[in-house]
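Chains, contacts and geometry: an overview
Chain by chain, the residues:
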Amino acid sequence: MPDGAGTDTITRLRRDLAAAYRLIAHWGMDDSIYTHISVRMPDGPEGEKRFLLNPYGLRFDEVTAANLVTIDEAGAVIDDPYGAGVNAAGFTIHSAVHMARHDAVCVLHTHTVAGVALSSVKEGLLPLNQWSAQFFDRIAFHDYEGIALNLEERARIVEDLGEKRVMFLRNHGTLILGRSVAEAVKLALNLERSCKAQVAALGMGLTPVVLSDAVAEHTARQYESAYDKTEEQGAPDPEWDAFLRQLETVAPGYRG
Ligand SMILES: [Zn+2]
């Protein structure tokens, strides 16, 4: 550890990432032992890249701050307190995004039923409500190429993502980038609610009222302004604080 501040930063990142796994599990957004949430840690003393990932084979509700694995950009293990290694193949997409997008502290990938459903229709997410309006014109798409992620596909994922923070992996799931773990989790929850609400609204067989582009864009900018205040200006994040308090009740072991 370079210094005391660095140690505090890493301690907080480990706690926040463990919290993210527990919250995604608590909300039913996990998929067995699959999908990952990764964190980019500050570079090592020699400039080496370091990331945190869940131990291979653990459910999300078993992840703790202490058992997270430290790996390099290739998924090679640097520190593994639990001893189960990581799913290096599963990290390839995260590594590609982390190496291309230094603004992303956290990369969160899900296979929720609603997220997969929306990733599987041409129209994608419609601006039907406040949750979905925040993502208006802000979602990238990457076409499905099969499970294997070769180097060429990684380059295409990064190219398809561009400067966006949210991507539908077509016929597969969602990918979210956060400037903090908290931001990634909040975006993931709002995207999940957006997807569920669209499935519910369109499933009624009635006529949906789609927000105008102007209102959707205005709403998206309102959300962005609030996120920017927290991420760039250090404003308090009462929602994240509330989620951490919730974990003290439903999953207090996450900090261990
Ligand atoms: Zn996946």
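All values derive from a computational prediction rather than experimental measurement.

Remarks on the coordination of the zinc ion
Distances from the zinc ion to its protein donors, namely His-109 (NE2), His-111 (NE2) and His-172 (NE2), fall within the range 2.0 to 2.1 Å. Motif for the zinc ion, donor spacing along one chain: H-x1-H-x60-H. Here His-111, found in the loop between strand E5 (106-110) and helix H3 (113-119), pairs with His-172, found in the loop between strand E7 (166-169) and strand E8 (173-178); they are 61 residues apart in sequence, far enough to count as distant. The exposure class of His-111 is partly exposed, given its relative accessible area of 24%. The partly exposed category is assigned to His-172, whose relative accessible area is 25%.

As for the sheet that holds strand E2 (residues 51-53)
Pairing within the open sheet is mixed, and its 8 strands lie in the order E4-E3-E2-E1-E5-E8-E7-E6. One side of each edge strand has no neighbouring strand; the edge strands of this open sheet are strand E4 (77-79) and strand E6 (139-142). Within this sheet the neighbouring strands show an average axis-to-axis angle of 25 degrees, counted without direction. As defined by bridge partners, strand E1 (residues 37-40) adjoins E2 across 2 bridges and the pair is classed as antiparallel. Paired with Val-39 across the two strands is Leu-52, which belongs to E2.

Description of the packing of helix H6 (residues 181-203) against helix H8 (residues 238-250)
Relative to each other, H6 and H8 sit at 85 degrees, their axes nearing to 10 Å. Taken together, the axis directions place H6 and H8 in an arrangement best described as roughly perpendicular. Side by side, H6 and H8 meet where Val-181, Ala-182, Val-185, Lys-186 and Leu-189 of the first sit next to Glu-239, Trp-240 and Phe-243 of the second. In terms of residue class, the contact of H6 with H8 is made up of 6 nonpolar, no polar and 2 charged.

A look at the side chain of Thr-92
Position of Thr-92 among the secondary structure elements: in helix H2 (residues 88-100). Thr-92 sits in the buried class, given a relative accessible area of 19%. Among the polar contacts listed, one links the side chain of Thr-92 to the backbone oxygen of Ala-89, at a separation of 2.7 Å. Leaving out residues up to four positions away in the same chain, Thr-92 has contacts with Leu-149 and Arg-154.

Observations concerning the pattern of salt bridges
Throughout the structure, instances matching the rule amount to 16 salt bridges. The closest approach of N and O atoms between Asp-103 and Arg-101, which form a salt bridge, is 2.9 Å. One salt bridge connects Arg-156 with Glu-145, and the closest N-O pair in it is separated by 2.7 Å. With a gap of 11 residues between them, Arg-156 in helix H5 (residues 151-161) and Glu-145 in the loop between E6 and H5 connect regions that are remote in the sequence. Judged by relative accessible area, which is 34%, Arg-156 ranks as partly exposed.

Rules used throughout
Residues numbered from 1 in each chain as written. Predicted model: local features only at pLDDT ≥ 70, side-chain atom pairs only at ≥ 80, totals over all residues. Heavy atoms only, no water. Donors = N, O, S within 2.8 Å, 3.2 Å for Na, K, Ca; no water. Helix = DSSP H or I, 4+ residues; strand = E, 2+ residues; numbered from the N terminus. Buried < 20%, exposed > 50% of the residue type's maximum accessible area, 1.4 Å probe, protein only. Pairing = 2+ DSSP bridges. Axes fitted to C-alpha atoms, helices over the stretch in contact; angles between N-to-C directions. Parallel < 35°, antiparallel > 145°, perpendicular 65-115°, else oblique. Contact = heavy atoms within 4.5 Å. Nonpolar A, V, L, I, M, F, W, Y, C, P; charged D, E, K, R; others polar. Polar contact = N/O pair within 3.5 Å; in protein donor to acceptor, adjacent residues only side chain to side chain. Salt bridge = Lys/Arg side-chain N within 4 Å of Asp/Glu carboxyl O.

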